[in-house]
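Coordinate analysis (summary)
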Amino acid sequence: MLQNYFKVALRNLYRNKVYSAINIAGLALGVASCILIFLYVQDELSYDSQFSDADRIVRVAGEIEHDGQTNKFALSAPTLAPFLLKDYPELEHVTQLLPANKQTIWYKDRSFNEDKLLFADSAFFEVFDYKFLAGNPATALDQPRTIVVSEQMAQKYFGSPDKALGEVLKFSRDSYRVTGVFTDEGNSHIQANAFLARSTFDTQQQDVLTDNNHWFMLSRYTYVLLRDEAQIAPFQEKLKTFAATHITPWLKENDLQASVKFVLQPLRSIHFNTEYTEDISTPGNISYIYIFSVVAVFLLLIASINYMNLATARSAKRAREVGLRKVVGAYRSQIIGQFIGESLLITLLAVILALALAQILVPTFNSLTDKQFNSNFFLQKEVIVVLLAIILFIGAVAGSYPAIFLSRFKPVDVLKADKAPRGGNAALRRSLVVIQFTISLILIIGTLVVFSQMRFLKNRDLGFNKEQVLIIDIPTGDSTLVNQLPSIKQELLRNPNIEHVSNSLNIPAGDLSTILVYAEKDGGTLQNAMNAMFVDYDFVDVMGIDLKEGRNFSKEFKTDLKGGLIVNEAAVKKMQWKNPIGKRIQMADWDAKVIGVVKDFHVKSLHSKVEPLILALTPESSGYLLVRMKPQDMPATIAFVQEKWQAFDTKHPMEYFFMDEYFDKQYRAEEKMLTVFGYFAGLTIFIACLGLFGLASFTAQQRTKEIGIRKVLGSSTTSIVLLLSRDFAVLVMVAILIAIPIAWYGMDKWLQDFAYRTNLSWWIFAVAGLAAMSIALLTVSFQAIKAAMLDPIKAIRTQ
Amino acid sequence: MNKELLIETKQLQKKYVTDTVETTALAGVDLRIAKGEFVAIMGPSGCGKSTLLNILGLLDSPSGGMFKFQGEDITHASERQRAKIRKHNLGFVFQSFNLIDELTVEENIALPLAYLGVSKAETEKRVTEAMERMGIAHRRNHFPQQLSGGQQQRAAIARATVSSPSLILADEPTGNLDSVHGREVMALLTELNEAGTTVVMVTHSPSDAEYAHRIVNLFDGQIVTENLNVRKHAAELL
Ligand SMILES: Nc1ncnc2c1ncn2[C@@H]1O[C@H](COP(=O)(O)OP(=O)(O)O)[C@@H](O)[C@H]1O
Ligand SMILES: [Mg+2]
């Protein structure tokens, strides 16, 4: 019997090639996208799960509350660790990570600039069980000046992980002995090229440490391994009283008007944490996971609808077979079984095709999403389970509607020679088409909104000129080089195509410094944590920031050094100063007056509003060298800068980038998602149109006789094309009316994420609606024209 | 007649209700058919012949009256029960052959056996037998569209008989055939009847009706006359 079903199914597929191609291609595209989306989602959800104790590890994050405002950081205070260990016996280990600056590392004749370097204490590998290719994790970081490097780094410096142990890497200040090589299996929010023994840092910074030994110094990532997962919630509860016993007295003693508290983040949730800033690595975005999952379901739904619609539309063709099988004694359940089996078969074929498609698309998908999926992903147990689920879902759900519908046919009705039943429930089919186009439209509108927001972000006036600025990342810890900065600047300025050169500690889109300031307000002082950029005399000129009041830093005013500050408009507003010039601000050992106010400019991405900012003069700042060039002859100017710089710095590989690219990189995640989203939107409309094409061909076939009669009666080809297209146009119109409010609502929510956003203008909806309508009509009219061109006599004869 | 009854109906009625119109297709039919009989049903178009045959063949259920098959009252049998009886006891032959286009001749004929759960070897044997009997064994691997009308109808008869049913129902089996092929089909039906199968056939053609033992004349949903086919029964009567 099964064999018989199988043969009938295959022969049906073979004889109805267009129909089969539409069904299988649509399903295959949908399933292929689902596979890729599944891989993406699975990958995103897998962060930090490779650590054996992942469920018992939590991170302690800090929240600073000040002036009714809470700032949340992924970091906590260094001094927290010993307190935790002392007070809470339920903690097995407490370990802290401290990010190190970018460093140049030398080994024999090789040198590289390395980032993602973390100072870790000796408990680190007790908490996080990284796999070691060499060395002993239990003791690797016990001694000062030891380093555990990643497999890739070992490869790069020593040629192989087995050659790494005992080798010595030279940093600008110290040398580190390699005591271990770890491998980076699985995803982790801790992205590290190497872990350095923290004891080194602590001895180096002894003086600074004791000095800054207070609760506001949020500089380290603190991880805690509990003895039992069940203790996480009670521990969180106990931490609430921690502040009262340890922090509040300290706040009183130091007369501080802010408070700090610590909260727990389960390890596996950290990757999606966007609430707590300054994380080790850029967090993932959980909403993309949701959006992608929804898109996957949508794609499957649209492809399944094609299947259901075409199967029922074509039911007239299968009706006789059903009648006959019943005549010879088939039970209805057997007929249902047969058709569900058939749809399982089609789905299976589609899944096989989808696997091949996904295989081909993996490299493209990887570059779109910055992932490294392997092309043998389908051997994964989870993928197989998902595929089986998809086959069962589509096979059973999409297959059961036509199955139930077809199995209902009575032999007496369908076996009559003279009349065949009309194909299926037309109203239901229409609603399903509306659903398909509604979904497609929502995705198209979504894509257009994201696109216009991206354009808005890129074109918005940032308050400074990000174009034509080359930035050199100055290697840290090289004092000779830093002392030469004034000469380097002078050398560079000899080139007429270089307008300004500035050295600063901070740059836009980079890390800002946060400092505690005491500002004059209404005769008293206001204590406040503020963002600051430490810059030289030329920064304002290089950046092209507009001065609103007062003046720029100047060498002519000796008092500017530690005595003058520039603030932005937001700071003036925050302080509610009417006459900002001359207002007093104290910070660390500075006692300064405001000498100028600059117009607000964006140092952070346009996700956030411009915050109060202080520009502080430190002419010896050695974070970055900013070179403003003239637009003409840029390649030559860049070569010139390179040559001059390397003449002064012969030791480090030079690293430079451009300010505009660096700033726009902040929207990279969104840009990537836009591309992916765009592809999916295109795909949904394509699959929906495949189905429409099939339906239109079916309708045209069914109405062949009617068309013939109309033509004989004098209808023009145009009017017949219109007649056939009108029904479908109405469906798309309904879809447009449903999609617009839904998309409006959803995209308006999405835009709320940006402090600066474009308007949801009507043209987006018009363009999307028009596009969907044209594509649909184009699809339908192909069939309609074909039918309308038929010789009327032939058409009438056709039954 | 002393023969065992296969079919017995009393006041069989069938009404079709469509939107506003109610059509009475059968208005009280009393019919008794014994095992081994060959009955022809005749009458003008639209008088209810097909309706009666479909009810006798358990493809449709009556709106009133009583229907006994093999002594069992099945007037209110469920669809599943009726399918079961069809599968085990009945064979159908239609005017338009009604072979499945996607199955070969052989596969079409094997279909009833598949639903009966007959083993592969047994199926092979019985299908071959049936095809040989109908003279279409050489076309076993062809698809219906590749056959002539006569061959298609013979394949349909082979399919109707392959499960050795006790009753064959034929609705104008020669309607779509020329006279030569028509006669062939009638000869085959007679042969089957002589081998013991009961045959009930609807026909327009008086010459076809001649093959039957008995002719039931239907008019407006009622039996008007029932004549014994004298020529057929001559031997018995005389
Ligand atoms: N499915 C149906 N719905 C409505 N009326 C029907 C249906 N089938 C048959 N009829 C009507 O019942 C009557 C008998 O039909 P039928 O048994 O097919 O006649 P015959 O086979 O004798 O030509 C006719 O008037 C026909 O129009
Ligand atoms: Mg009839």
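In case you missed it, the structure is sitting above this.
A brief structural summary. Positions within a chain are numbered from 1, following the residues in the order the chain's sequence is written. Each chain gets a letter, beginning with A, and each ligand a number, beginning with 1, in the order they are written. Whole-chain, interface and lining totals are the exception, using all residues; otherwise, since this is a predicted model, local features are given only for residues with pLDDT of at least 70 and side-chain atom pairs are given and counted only at 80 or more. Side-chain measures here rest on the full set of heavy atoms in the structure, leaving out hydrogens and waters.

Secondary structure elements are taken from DSSP: a helix is a run of H or I of four residues or more, a strand is a run of E of two residues or more, and numbering for both begins at the N terminus. The secondary structure content of chain A amounts to 25 helices and 24 strands. Its C-alpha atoms put chain A at 105 × 55 × 55 Å along the principal axes. Burial analysis of chain A (799 residues in total) assigns 53% to the buried set. Pairs at least 24 residues apart make up 80% of the contacts formed inside chain A by residues separated by at least 6 positions. Computed over 81 positive and 77 negative side-chain charges, the separation of the two mean positions in chain A equals 15 Å. The rule is simple: take the accessible area with a 1.4 Å probe, protein chains only, and divide by the maximum for that residue type; under 20% is buried, over 50% is exposed, in between is partly exposed. Any two residues whose heavy atoms approach within 4.5 Å at even a single point are treated as in contact. Residues scored as positive are Lys and Arg, those scored as negative are Asp and Glu, and His as well as the terminal groups of each chain are ignored. Just so you know, the charge point we use is NZ for Lys, CZ for Arg, CG for Asp and CD for Glu.

Residues and elements named next belong to chain A. You can see W106 is positioned in strand β4 (residues 103-107). Distance from W106 to L169, taken between C-alpha atoms, is 6.0 Å for residues 63 residues apart in sequence. If we skip the residues at most four places from it in the chain, W106 touches S111, V168, L169, K170, F171, S172, K651 and H652. Separated by 3.4 Å, the side chain of W106 and the backbone oxygen of K651 make a polar contact. N or O atoms within 3.5 Å of each other form a polar contact, as long as, within protein, one can give a hydrogen and the other can take it, and as long as residues adjacent in sequence are counted only when both atoms are side-chain atoms.

Residues and elements named next belong to chain A. Core analysis: the biggest nonpolar cluster contains 131 residues, and V31, F437, M533, F601, L615 and L626 have the highest contact counts within it. When residues of this core are assigned to their parent elements, the largest contribution, 16 residues, is made by helix α21 (residues 668-702). V31 has contacts with L300, V351, A354, L387, I390 and I394, leaving out every residue within four places of it along the chain. Core analysis: the second largest hydrophobic core is formed by 59 residues, V94, V127, A197 and F235 among them. Joining through side-chain atoms within 4.5 Å is the link that ties buried Ala, Val, Leu, Ile, Met, Phe, Trp, Tyr and Cys residues into a set, and such a set is a nonpolar core.

To continue, consider the packing of helix α3 (residues 80-87) of chain A against helix α8 (residues 232-253) of chain A. Residues and elements named next belong to chain A. Working convention: axes come from line fits to C-alpha atoms, limited for helices to the stretch in contact. Angles between N-to-C directions cover 0 to 180 degrees. Interaxial distance between α3 and α8 falls to 12 Å at its minimum, and their mutual angle equals 115°. Where α3 crosses over α8, the two elements pack in a sense that is right-handed. The segment α3 lies against α8, with L80, F83, L84 and D87 engaging F235, L239, F242 and H246. Note: crossing handedness is left-handed where the near helix turns anticlockwise from the far helix by less than a right angle, and right-handed where it turns clockwise.

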